[in-house]
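The lines below spell out each chain.
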Amino acid sequence: MIAKTRDSEKQRLNALKRYGILDSPAESVFDEFTKLAANILNVPIALISLVDSNRFWFKSKYGVDADQVEFHPSLCASAIRSNGFYEIQDAENDPRANTSPLVTGELGLRFYAAYPLKSREGYNLGTLCVIDKKPRKFTQAEKETLRSLRNLVMDQIELRFLAKETYMHHNRMLGIFAHDLKNPLATINMASDIIQKKKNNPEVVANMCKHIKKSSKNSLRIINELLASSELESGEFKMKFSKFNVGEFLKEIVENHLVPARRKGQSLKLCAENNIEIEADKGKLEEIADNLISNAIKFSPVKKQIKIDLHQNNGNVILQVKDEGPGFNKSEKKKLFKRFSKLKAQPTGGEMSTGLGLFVAKCLVEAHNGSISAESDGKNKGATFTVELPIERATSDKKKEVKVEDVLQSLKN
């Protein structure tokens, strides 16, 4: 039991440090909350207190000058172990607090009320607390007021954490994408130099032109995925619906992938029902199919077959892409459609992966009011990606909304 308690406290402290709020500069938004708590609840002192391993540190304080006090196993320490409202009506006569320096010292604390600051992961980081120098008892309305203010404080802490994590995450991704773009651009530069030196040798020029084209396509793909992700996050993209034969449309997309597949000795087998007409955004549907087929080529070993199947069922179009690649386990399956998610499997031909393709595909499928899923029997047993879209238009032109909760979850994962 003692070991379990120590582990829990260690996890709580790790969570507190992840928020990066300890010893941070004063922020007016938090000072407004403590001022508001003191004025509304008619108390002389209000604190946003974060409980470290050996101290109570005040992110914001109203009515006191100290920035922190030494750890004492009462008051804040007891409050963060509670799941709800915590109150000491007369500290001088309460065994939970009567030995605290805040009670016996100059402050002369008599009344203490608090709600824990609970993170999204369920860890109590500290408290929003109010203090009075005379005994009293909160009414139900006062308890509700303090709870509402606690919620606002915690929302602000989460938003602050989101901003910090987003900034760091984008910096990391910028470094990754700069590295990914550096290689094809270096190839283009090198091939251009060789063409200049060997311009009288048609065979060398033709070979270098192939390298330039391949590198240019890789760079363009990375940029397109970045732009698509940016549009989805900012809500800037709109749907443009039209009616078209999805079988003929898919045939053209498969033909565009024959060259990269043949380079790896792979075969693409298309089985599509004729005369299926769908009302969808043609450009967005091309992005979805292109991503699934190119991923299958990218991660499948040489001389393997990739099957693309298209049929209709109960008013829906079903697109399936089945490969004989590395597959994935249950743990990896949870990460498949997350933004910037990369699994252990690596491209088999030296291709690059941004970790954005499936995230973008999922967003575009859902914008059509459809669904996307993936199944695998395990490592080296291939994978099947299934997209299900309504044949008739099921949504109107509208901006894609991105919720704060969804962003937080993606960063966490």
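Here the structure is shown first, and the text comes after it.
The rules behind each value
- Residues numbered from 1 in each chain as written.
- Predicted model: local features only at pLDDT ≥ 70, side-chain atom pairs only at ≥ 80, totals over all residues.
- Heavy atoms only, no water.
- Pairing = 2+ DSSP bridges.
- Helix = DSSP H or I, 4+ residues; strand = E, 2+ residues; numbered from the N terminus.
- Axes fitted to C-alpha atoms, helices over the stretch in contact; angles between N-to-C directions.
- Contact = heavy atoms within 4.5 Å.
- Buried < 20%, exposed > 50% of the residue type's maximum accessible area, 1.4 Å probe, protein only.
- Arc of directions from axis to C-beta.
- Salt bridge = Lys/Arg side-chain N within 4 Å of Asp/Glu carboxyl O.

### Topic: the sheet that holds strand β10 (residues 305-313)
On the basis of which strands lie adjacent, the open sheet formed by five strands has the order β8-β10-β11-β13-β12 and mixed pairing. Both edges of this open sheet fall to β8 (267-272) and β12 (371-375), since each of them pairs with a single strand only. Neighbouring strand axes in the sheet, compared pairwise and without regard to direction, differ in orientation by 15° on average. Pairing analysis gives eight bridges linking strand β11 (residues 316-323) to strand β13 (residues 383-390), with the strands arranged antiparallel. When the bridges of β13 are listed, N316 appears paired with P390. With respect to the sheet, helix α7 (residues 246-256) is in contact with β8, β10 and β11, its orientation differing from that of β10 by roughly 170°. Against the sheet, helix α11 (residues 357-367) makes contact with β12 and β13, and its axis sits at roughly 140° relative to β12, the strand it touches most.

### Focus on α7
What α7 keeps buried is the set V246, G247, F249, L250, I253 and V254. Buried residues in α7, looked at end-on, bunch into an arc of 160°, giving them a common side. Facing away from the buried surface of α7 by more than 90 degrees, the exposed residues are E252 and N256.

### Focus: the environment of L125
Along the chain, L125 falls in strand β6 (residues 124-132). Note on L125: relative accessible area 2%, which makes it buried. For the pair L125 and S49, spaced 76 residues apart in sequence, the C-alpha to C-alpha distance is 8.5 Å. Residues in contact with L125, not counting those within four places in the same chain, are R12, A15, L16, Y19, L50, V51, L117, S119 and M154.

### A short note on the pattern of salt bridges
A complete count under the given rule lists 15 salt bridges for this structure. Close ionic contact of R147 with E144 constitutes a salt bridge, the shortest N to O distance being 2.6 Å. On the criterion of helical spacing, the pair formed by R147 and E144 is a turn pair, its members being three residues apart in helix α5 (residues 140-197). When its relative accessible area of 32% is taken as the criterion, E144 is described as partly exposed.

### Overview of the sheet that holds strand β3 (residues 68-70)
Spatially, β3-β2-β1-β6-β5-β4 is the arrangement adopted by the six strands of the open sheet, whose pairing is antiparallel. Edge positions in the sheet fall to β3 and β4 (86-88), since each of these pairs with one other strand and no more. Taking the axes of each pair of neighbouring strands and ignoring which way they run, one obtains an average angle of 25° across the sheet. Examined bridge by bridge, strand β5 (residues 111-118) and β6 share eight bridges and lie antiparallel to one another. Across the sheet, K118 pairs through a bridge with N124, a residue of β6.

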